[in-house]
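A closer look at the structure
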Amino acid sequence: MENLNFLKNNFDVPPKNRSEEVLRRWRKAVSLVKNPKRRFRNIANLDKRSEAKDQQKKIKETLRRIRVLIYVQTAAHTFVESIKPAEILLQKEVEEAGFGINPNTLEFIIREHNVNKLNSLGKVEGIAEKVSVSLNNGVSKKDLERRQKIYGYNRYTEKPPKGFWMFVWEALQDLTLIILMVCAVVSIGVGLATEGWPKGMYDGLGILVSIFLVVIVTAISDYRQSLQFIALDKEKKQIFVQVTRDGYRQKVSIYDLVVGDVVHLSIGDQVPADGVFISGYSLLIDESSLSGESEPVNVDHNKPFLMSGTKVQDGSGKMLVTTVGMRTEWGRLMETLSQGGEDETPLQVKLNGVATIIGKIGLLFAVLTFLVLVGRFLVVKLIKGEFLKWSSSDPLKLLDYFAVAVTIIVVAVPEGLPLAVTLSLAFAMKKLMNDKALVRHLSACETMGSASCICTDKTGTLTTNHMVVNKVWLCEEAKVIKSNESGDLLKSSIPGRVLDVLLQCIFRNTSSEMGKDEDGKNKILGTPTEVAIVEFGLHLGGDFDAQHQASTIVKVEPFNSDRKKMSVLMSLPGGGFRAFTKGASEIIVQMCNKIVDRDGQSVPLSGTRTKVVMDAINGFACEALRTIGLAFKDMDEDFDGNSIPSEGYTLIAVVGIKDPVRPGVREAVQSCIAAGITVRMVTGDNINTAKAIAKECGILTEGDVAIEGSDFRCKSPQEMDELIPKIRVMARSMPLDKHTLVKHLRTMSEVVAVTGDGTNDAPALHEADIGLAMGIAGTEVAKENSDVIIMDDNFTTIVNVAKWGRAVYINIQKFVQFQLTVNVVALIVNFVSACITGTAPLTAVQLLWVNMIMDTLGALALATEPPSGELIKRPPIGRSVNFITPTMWRNIIGQSIYQLVVIGVLMFDGKQLLKLTGSDASSILNTVIFNSFVFCQVFNEINSRDIEKINVFRGLFSSWVFIGVMVATVVFQVIIIEFLGTFASTVPLSWQLWLISILIGSVSMIVSIGLKCIPVESIKQTYAENHHDYQPLPSGPELA
């Protein structure tokens, strides 16, 4: 009980948002660490992190001071001019490369936000000319190398990765191995002096060879892990941006950006380099990540500077890249961000606690074993009257006793426990990367195994995100759109003036652009919804470019998930203004007081007509169509043009957009439900559309509740607590509704995974236990606040993440069960033998081999097993469930008793049972004991493949790593016994004794079957009590 309290008080950490105090607390509680460098390699360095934070504060403070200078530029003009450098001659290499401005000059202009200098150079057009680029066509691909050579690469200084020999060096830092090496050297020295060459070398050399093997195997395992993390880290930092190059829009990595690139920015994007504003609308930049200022900055022609690392909070625009990489403030800041490492996972911390407790017990046993061995040795000498007569072999015996005691510590302190978590997570993360899921934080992979609820978006996650206008309600009539038919028939049924306004509404009120692809063909660039509406306009015979040239946009209000609409204001050629708005159909209808009737005339939107419109919207929605309303409003010259109207519009059309459900989603949802994971859809769409899709996916069933966000946010906390367990669909929700839902679910002890793609989803992603950002539709802000990025935006991938999360947890449990069994048996055998016989049956070399089997090789075999199909049918792992379960204790204790009994019988009656006689009988018996002990571990490793089920061979041949480790262990065991006896204190065995050793080991599998038939309290019962709709799985022998 005291140990449990010790673990709970010191080693319980939340999966996210931990305080520094919590992280320091468990570090102080850890003791008996054999190799701090290795054990804490993947643990955050809090001191370095503090230093990095101080450095970041200094950089941000510098930027704040620059901002102050800008705000008081008029008053402090003289001061600004005084710090402006003298004109610098153009550098020779810059001139030879064909550019007209030095990199340092560009850096100075942006860093100091020097508008005067920018204006003197001809504003953005002048800068573009000096860096030899067209603002319309962008840079040419053939110029990239030349630009990188002069202006630098858009990369940041990073710490070089460790080489293999550095891992060898770290593995050698193990204190117990160092002590053993000293013992080995002393043993060789004393042995040579007393027993001569080569006999005196064998014991010490055997220990050195064993240490060498342990170090090399450990270093190889650690080095392979590091390579996996490097590859994953590289992928995590990969951000793609839209640029214009060679005259057409394309996606490029931020690392490939060069000075002169024309970058397109939209809501949620990260500004990828320093630059100057070219054009755009309502561009609002969040600079808090760089300057610490929470107030966003409006960027326009008067304030044209954009800084790398900042985020687009609202609006859209284009920028010219002027400074990249380490010349930017963000580059200097990024250099500090990687310092300190990533926070450790809850499982790593828990297992550090377990290792500490076991280590203390092991140290006690090691000291007692040494004292008993030395005590018996001295008592025997005293009884024989030889206490003062010491032979040359006596110091070797004492040294051997000390080496055995130290080796017991090597075996007893389970250094591999927390490291096995890292190994398992690295393996899972690599596999998930191949399955289109990028894990950004280690703990997420682990926590996902406990997820009891998934709050998912609809569009793009449950659906394909391949949209097409399927129906349109126009001139008070619903029309079906068939893509294989000409638009002329539909066009002929629409009055001319209505068609003109409709096409204006489609082509002018859009964030899409008409670009060219590599083949020079027209290509619509934008969100799937925007593309579908623009394609509908083209189907009606509209001309995108002609519409854009015919009028001028005055103001733009971009779409976001709070407004659920996009509006533009444009000036008409004949004078006056026209506003367009489109968005969630119900919201657009509320903004309208008129409607276009059958004759194409604007008539008042009466109550009767409103009901007809709403019936049409609901009809579309019940067919699982997304409904988008389109409206316009004309204003005369007296309108000031400073704002876009929010009422008084004329409804011109409602379009119904088809977005089919993804294949396999229904099956994935059913898998979640079978696993005790509740799936909730949270969407901004119409409630009828959401319900239709939810029913198709199997999310909404009879008795479940679908609610609108407006109704949900009106509920009191008590009403929410009663309602939330029944909610399966929340429609027309705002980001704040999603955040509120997540907070309430977490207070109800649910482990919540949330998907998000928009900038405003960031709070919910941050609040959730696991934030899942969409890789295709997701903004950089959403990705930055997430724990996992779903690269293909597919719900099935989310289920796969949950499966691997459970696999990580279960695999570590298997490894812990296996390792603790070896620990218990090795400690008790050596201690009891020392007390009774005065010798340790397992030598230092043998114990080092056992340590390698249970530590590095055991972790490699058990911690990297792929998830089985049955895994997703288990209930989620609760927040407060003990990691070492009663089932595991049953297996550990049962197997330990069996192994202790077998080894005890062999130790005390083995010669008689095996009919061993002759001078080498003791050596043969000790070899049989060692061999039997190792084969008990080999078969117990197979037993550990499944903690509860009898059939441990299921999926064995899909785990090649496990098979490889088993074969390697057996082969090396044969080599040790048959060929390395001089070093390992073994002798070759007859085939009969080999068979007996293998049979003794294999009996542990029969013992395992018997143990698994003993019922223990299951976490499933506890889970079933808290989740009324969960049916416990069958347990016990019937699962064999």
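Look above for the structure.
These remarks concern the structure in this document. Since the model is a prediction, treat every value here as computed from it, not as a measurement. (Residues numbered from 1 in each chain as written. Predicted model: local features only at pLDDT ≥ 70, side-chain atom pairs only at ≥ 80, totals over all residues. Heavy atoms only, no water.)

**Points about the sheet that holds strand E8 (residues 437–439)**
With mixed pairing, eight strands are arranged side by side in an open sheet as E8-E26-E25-E24-E9-E21-E23-E22. Both edges of this open sheet fall to E8 and strand E22 (705–708), since each of them pairs with a single strand only. Along the sheet, successive strands turn relative to each other by an average axial angle of 20 degrees, direction set aside. Looking at chain direction, E8 and strand E26 (residues 788–790) are connected through three bridges and run antiparallel. Residue Leu438 lies in a different strand from E26, and its bridge partner there is Ile789. (Pairing = 2+ DSSP bridges. Helix = DSSP H or I, 4+ residues; strand = E, 2+ residues; numbered from the N terminus. Axes fitted to C-alpha atoms, helices over the stretch in contact; angles between N-to-C directions.)

**As for the environment of Ile110**
Here Ile110 is to be found in helix H7 (residues 103–111). The exposure class assigned to Ile110 is buried, which follows from its relative accessible area of 1%. Note: C-alpha distance between Ile110 and Gln846 (736 residues apart in sequence) is 66 Å. Those residues in contact with Ile110 that sit more than four places away from it in its chain are Asp274, Gly275, Val276, Phe305, Leu306, Met307, Thr322 and Thr323. (Buried < 20%, exposed > 50% of the residue type's maximum accessible area, 1.4 Å probe, protein only. Contact = heavy atoms within 4.5 Å.)

**Some thoughts on the nonpolar core**
By size, the foremost hydrophobic cluster in this structure holds 164 residues, and its most contacted members are Met448 and Phe795. Other than its neighbours up to four places away in sequence, Phe795 contacts Ile454, Thr456, Thr461, Leu462, Val665, Ala668, Val669, Cys672 and Val679. Grouped together as the second largest cluster of nonpolar side chains are 53 residues, Ile101, Val243, Leu257 and Ile278 included. (Core = buried A, V, L, I, M, F, W, Y, C linked by side-chain atoms within 4.5 Å.)

**Points about the packing of aromatic side chains**
On inspection of all chains with the given rule, the structure shows 12 aromatic pairs. Ring geometry for Phe370 and Phe402: centres 5.8 Å apart, planes at 75 degrees, overall edge-to-face. Note that Phe370 is positioned in helix H16 (residues 346–383) and Phe402 in helix H17 (residues 394–412), a separation of 32 residues in sequence. Between Phe377 and Tyr401, the ring centres sit 6.3 Å apart and the planes meet at 75 degrees, which makes this aromatic pair edge-to-face. With a gap of 24 residues between them, Phe377 in helix H16 and Tyr401 in helix H17 connect regions that are remote in the sequence. Of the two residues, Phe377 and Tyr401, neither departs from the other in class, the shared state being buried. Looking at Lys162, its charged tip hangs above the ring of Phe167, at a distance of 5.9 Å from the centre. Its end group placed over the ring of Phe962, Arg945 keeps NZ or CZ at 5.5 Å from the ring centre. (Phe/Tyr/Trp six-rings, centres within 6.5 Å; stacked < 30°, edge-to-face > 60°. Lys NZ or Arg CZ within 6 Å of the ring centre and 35° of its normal.)

**Overview of the pairing of strand E11 (residues 477–480)**
Looking down a regular strand, the side chains alternate between one sheet face and the other. Where strand E10 (residues 468–474) and E11 come together, four bridges link them in antiparallel fashion. Bridging across to E11, Leu474 finds its partner in Glu477. Counting the residues that bridge the hairpin from E10 to E11 gives two residues, and of these Cys475 lies at a positive phi of roughly 55 degrees.

**Notes on the packing of helix H18 (residues 416–434) against helix H33 (residues 795–836)**
With their axes 10 Å apart at the nearest point, H18 and H33 run at an angle of 155 degrees to one another. On the basis of their axis angle, the class for H18 and H33 is roughly antiparallel. For the element pair H18 and H33, the recorded crossing hand is right-handed. Across the interface between the two elements, Gly416, Leu417, Ala420, Val421, Ser424, Leu425, Phe427, Ala428, Lys431 and Leu432 of H18 pack against Asn800, Val801, Trp804, Val808, Asn811, Ile812, Phe815, Val816 and Gln819 of H33. For the contact of H18 with H33, the per-class residue count stands at 13 nonpolar, five polar and one charged. (Parallel < 35°, antiparallel > 145°, perpendicular 65-115°, else oblique. Left-handed = near helix turned anticlockwise from the far one by under 90°. Nonpolar A, V, L, I, M, F, W, Y, C, P; charged D, E, K, R; others polar.)

**Considering the pattern of salt bridges**
Counted by the stated rule, this structure contains 28 salt bridges. The partner of Arg563 in a salt bridge is Asp314, and the shortest N-O contact between them spans 3.4 Å. Within this pair, whereas Arg563 is found in the loop between strand E14 (552–557) and strand E15 (565–571), its partner Asp314 is found in strand E7 (residues 311–323), the two being separated by 249 residues in sequence. As a salt-bridge pair, Asp769 and Arg746 come within 3.1 Å of each other at their nearest N and O atoms. With Asp769 in the loop between helix H31 (762–767) and strand E25 (770–774) and Arg746 in helix H30 (residues 735–747), the pair connects residues that are 23 residues apart, well separated along the chain. A relative accessible area of 28% places Arg746 in the partly exposed class. Through salt bridges with shared partners, one network takes in Glu107, Arg111, Glu112 and Arg327. (Salt bridge = Lys/Arg side-chain N within 4 Å of Asp/Glu carboxyl O.)

**What about the environment of Leu121?**
Note on placement: Leu121 falls in the loop between helix H8 (115–120) and helix H9 (123–130). Leu121 sits in the buried class, given a relative accessible area of 19%. Sequence separation between Leu121 and Ser294 is 173 residues; the distance between their C-alpha atoms is 32 Å. Beyond its immediate sequence surroundings of up to four residues, Leu121 is in contact with Ile101, Ile109, Gly126, Ile127 and Lys130.

**Looking at the packing of H33 against helix H35 (residues 886–914)**
Packed helix pairs are specified by the crossing angle of their axes together with the interaxial distance, meaning the distance between the axes. H35 packs onto H33 with a crossing angle of 30 degrees between their chain directions and a minimal axis gap of 9 Å. Classified by chirality, the crossing of H35 by H33 is right-handed. Contacts between H33 and H35 involve Gln813, Val816, Gln817, Leu820, Thr821, Val824, Val825, Ile828, Val829, Ser833 and Ile836 on the former and, on the latter, Met888, Asn891, Ile892, Gln895, Ser896, Gln899, Leu900, Ile903, Met907 and Phe908. The residue makeup of the contact of H33 with H35, split by class, is 13 nonpolar, eight polar and no charged.

**Remarks on helix H34 (residues 844–862)**
Helix length check: H34, at 19 residues, gives a terminal C-alpha distance of 25 Å against a target of 27 Å (1.5 Å per residue), a fit within 8%. Taken as a whole, H34 carries its principal kink of about 30 degrees at Thr856. Most of H34 sits inside the fold, with 18 of its 19 residues counted as buried. (Expected span 1.5 Å × (residues − 1). Bend = angle between axes of the 7 residues up to and from the residue.)

**Quick word on the side chain of Thr356**
Positionally, Thr356 belongs in helix H16. Relative accessible area serves as the criterion here: at 0%, Thr356 is assigned to the buried category. For Thr356, the residues in contact, after removing those within four places along its chain, are Phe6, Phe11, Ala29, Val30, Ser31 and Arg39.

**Side note on H18**
In this model H18 runs 27 Å from its N-terminal to its C-terminal C-alpha over 19 residues, within 8% of the 27 Å that 1.5 Å per residue would give. Burial analysis of H18 places 15 of its 19 residues in the buried class, the great majority of the element. One or two residues past the end of H18 sits Lys436, with phi positive at roughly 75 degrees.

Remember that the coordinates give geometry; whether it matters functionally is a separate question.
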